[in-house]
Amino acid sequence: MKYSVFSLLKNSLSGHKNWTPAWRTPEPKKQYDIIIVGGGGHGLATAYYLAKEHGLKNIAVLEKNYIGSGNVGRNTTIIRSNYMLLGNNPFYEWSMKLWENLEQDFNFNAMVSQRGVLNLCHTDAQRDAFARRGNAMRIDGVDAELLDAHAVREMYPFFDYDNARFPIKGGLLQRRGGTVRHDAVAWGYARGADLRGVDILQGCELTGIKTESGRVVSVQTNKGEIKCGKLALCAAGHSSEVAAMAGLKLPIESHVLQAFVSEGLKPYIDGVVTFGAGHFYVSQSDKGGLVFGGDIDGYNSYAQRGNLPMVEHVIEAGVAMIPSLSRVRALRSWGGVMDMSMDGSPIIDKTSVHGLYLNAGWCYGGFKATPASGWCYAHLIAKDEPHKFATAYRLDRFRTGHMLDEKGQGATPNLH
Amino acid sequence: MLIPCPHCGSRPVEEFTFLGDAAPTRPETLEDPGWHAYVYERGNPRGAFDEFAHHSGGCRAWLVVSRDTKTHEVFGAVIARNYARKKKL
């Protein structure tokens with residue numbers, strides 16, 4: 001059923017009792033041409049674009065839990081394309097363009113809200129770095145504005161501008177950045193893929209990968225063996241585990257990142273703001289809660305929960321930026337498992353096993369990349385060659401020396 | 001998480017800085033083809049895990065902490081040099 005004002009009117013007349021489920025619950029077939037492992041945002045987007053843009057049928061998405069139960073439902077919903085490196089920026093800008101048309105494209109309300117993403121700077125050196133990044137963005141056709149302290153104060157009068165240690169000197173603003181309702185992204189892609197014949201297999205966990213003479217032939221799952229032509233891994237924080245089933249060792253560590261939401265408040269912060277002196281970012285959800293987060297905890301973890309010292313650290317950074325936050329009560333905190341790569345950039349590539357593809361290493365920036373990641377991964381799987389916007393995301397770049405390190409931290413996953 | 005530092009006793013996690021997996025072995029020569037694996041490839045286990053931790057907010061000793069990455073249960077901590085010696089034997 002196409003969602004529209006007419007379908008809404010029609011269903012309201014029958015008391016909303018005749019809505020059909022947004023996607024089916026099929027039993028696994030014996031064989032699929034393409035199996036995608038991971039029913040998160042990226043996996044579902046890949047299935048959607050494989051079906052829609054490449055006209056492929058006979059595709060399955062395996063999800064061990066329910067779709068949207070992983071990081072696509074745990075992030076802080078921010079979208080932006082304010083990167084600097086040439087290998088990154090065209091990719092993230094393509095993602096932004098896909099976000100801008102996403103709801104019309106998959107006929108689902110994802111609440112895409114281009115409310116602006118503002119990065120604050122606190123020193124002259126940081127402002128110079130922002131000017132450089134803003135220029136790099138504009139060269140790539142992305143919008144960027146360098147604001148002085150006065151312009152930032154006009155937008156957000158309640159920040160701590162004259163802090164003795166970290167005065168706010170200005171900021172880099174991307175007006176086209178913003179937020180998206182993250183669950184709706186998973187649901188919209190799932191529905192769009194399902195409508196085009198993709199089987200979404202929830203509660204179906206990958207337990208093994210079978211290869212014959214260097215080629216993937218089938219997967220073992222808790223619902224039995226399923227044959228496949230191509231196997232596309234898209235398992236975020238659990239990428240190392242699923243890749244190990246095919247004998248691969250990845251340049252990835254899994255770390256926990258926490259996020260938080262406050263009690264509901266009246267309209268307070270209408271954009272997304274990041275603190276430049278510590279790692280803190282905040283926006284306000286449509287329900288009124290402040291959604292905020294900070295750094296990863298810093299140690300390897302698959303626990304999907306963090307420790308209290310990082311909770312304290314994030315809230316300290318928040319109060320340093322916005323003193324009035326000290327009066328706000330935090331409502332919930334949660335954690336997600338991040339696939340932290342060795343250079344802070346993702347991998348979308350073929351592997352040494354024939355028919356096995358890898359999409360991983362998104363660190364804690366995967367949500368904004370969801371549409372372009374799915375788009376480029378689908379292209380790679382369908383055509384066996386990298387998409388032009390994802391040519392830098394090679395698995396062998398650590399061997400060849402073509403790392404894509406926005407922060408310049410080197411091979412230290414917990415510092416990216 | 002509380003970490004039992006061999007010098008300082010049970011100390012909270014915020015006193016420690018983590019460097020990551022203690023399993024990779026540093027190659028002996030420059031020509032060794034194992035450098036790529038040593039620098040970039042990680043086992044990244046879900047479960048028992050040995051990792052380098054610097055007691056940066058305490059005695060500043062380098063330790064190897066044994067921990068479960070699934071539950072955050074800490075099994076113990078030894079001085080990194082002793083861990084390396086034991087690994088060589």
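How each quantity is defined
- Residue positions are given per chain, counted from 1 along the sequence in the order it is written.
- In the order they appear in the text, chains get letters beginning with A and ligands get numbers beginning with 1.
- pLDDT decides what is reported in this predicted model: residues at 70 or higher carry local features, side-chain atom pairs at 80 or more are listed and counted, and totals for whole chains, interfaces and linings draw on all residues regardless.
- Working from all heavy atoms in the structure, the side-chain values ignore hydrogens and water.
- Between buried and exposed lies partly exposed: a residue is buried under 20% and exposed over 50% of the maximum accessible area for its type, with that area taken using a 1.4 Å probe on protein chains only.
- Only DSSP runs of H or I reaching four residues or more are called helices, and only runs of E reaching two or more are called strands; each is numbered from the N terminus.
- Pairing between two strands requires that DSSP report at least two bridges joining them.
- Joining through side-chain atoms within 4.5 Å is the link that ties buried Ala, Val, Leu, Ile, Met, Phe, Trp, Tyr and Cys residues into a set, and such a set is a nonpolar core.
- Residues count as neighbours in contact if any of their non-hydrogen atoms are within 4.5 Å of one another.
- Note on definitions: angles span 0 to 180 degrees between N-to-C directions of axes, and those axes are lines fitted to C-alpha atoms, for helices only across the stretch in contact.

Chemist: It is not clear to me how the pairing of strand 5 (residues 62–68) of chain B should be interpreted in this structure. Could you clarify?
Modeler: It is a general feature of regular strands that their side chains alternate between the two faces of the sheet. Residue and element names in this part refer to chain B. With respect to burial, strand 5 is a largely interior element, five of its seven residues being buried. By the bridge criterion, seven bridges tie strand 4 (residues 48–54) to strand 5 in an arrangement that is antiparallel. Bridging across to strand 5, Asp-50 finds its partner in Ser-66. With five bridges connecting them, strand 5 and strand 6 (residues 74–79) associate as antiparallel partners. Counterpart to Arg-67 in the pairing with strand 6 is Val-74. If you look at the hairpin formed by strand 5 and strand 6, you'll find five residues sitting between the two strands, and His-72 has a positive phi there, around 70°.

Chemist: Explain the nonpolar core here, please?
Modeler: Where a protein is soluble and globular, its nonpolar side chains tend to be buried together. All names here are of chain A. Grouped together as the largest cluster of nonpolar side chains are 51 residues, with contacts concentrated most on Ile-36, Tyr-49, Phe-91, Tyr-189 and Ile-348. For this core, the elements supplying multiple residues, two or more each, are strand 1 (31–37), helix 2 (41–52), strand 2 (59–63), helix 3 (89–106), helix 6 (182–195) and helix 9 (370–383). Apart from residues lying up to four places away in sequence, Ile-36 is in contact with Gly-43, Thr-46, Ala-47, Leu-50, Ile-59, Ala-60, Val-61, Leu-62, Ala-232 and Cys-234. Core analysis: the second largest hydrophobic core is formed by 27 residues, Ala-60, Val-216, Ala-246 and Ile-347 among them.

Chemist: Explanation requested: the sheet that holds strand 6 (residues 170–174) of chain A in the structure shown.
Modeler: Each strand in a sheet pairs with its neighbour through backbone hydrogen bonds, running either in the same direction (parallel) or in the opposite one (antiparallel). All names here are of chain A. Spatial strand order, 5-6-4-13-14-15-12-16: eight strands in an open sheet with mixed pairing. Every interior strand has two partners, whereas the edge strands, strand 5 (145–148) and strand 16 (330–341), have only one. Averaged over all adjacent pairs, the angle separating strand axes in this sheet is 25°, with direction ignored. The pairing of strand 4 (residues 117–121) with strand 6 spans five bridges and is classified as antiparallel. Within the sheet, the bridge partner assigned to Leu-120 lies in strand 6 and is Gly-171. Along the sheet, helix 8 (residues 308–321) makes contact with strand 4, strand 12 (252–264), strand 13 (272–275), strand 14 (280–284) and strand 15 (289–300), crossing strand 15 at roughly 135°.

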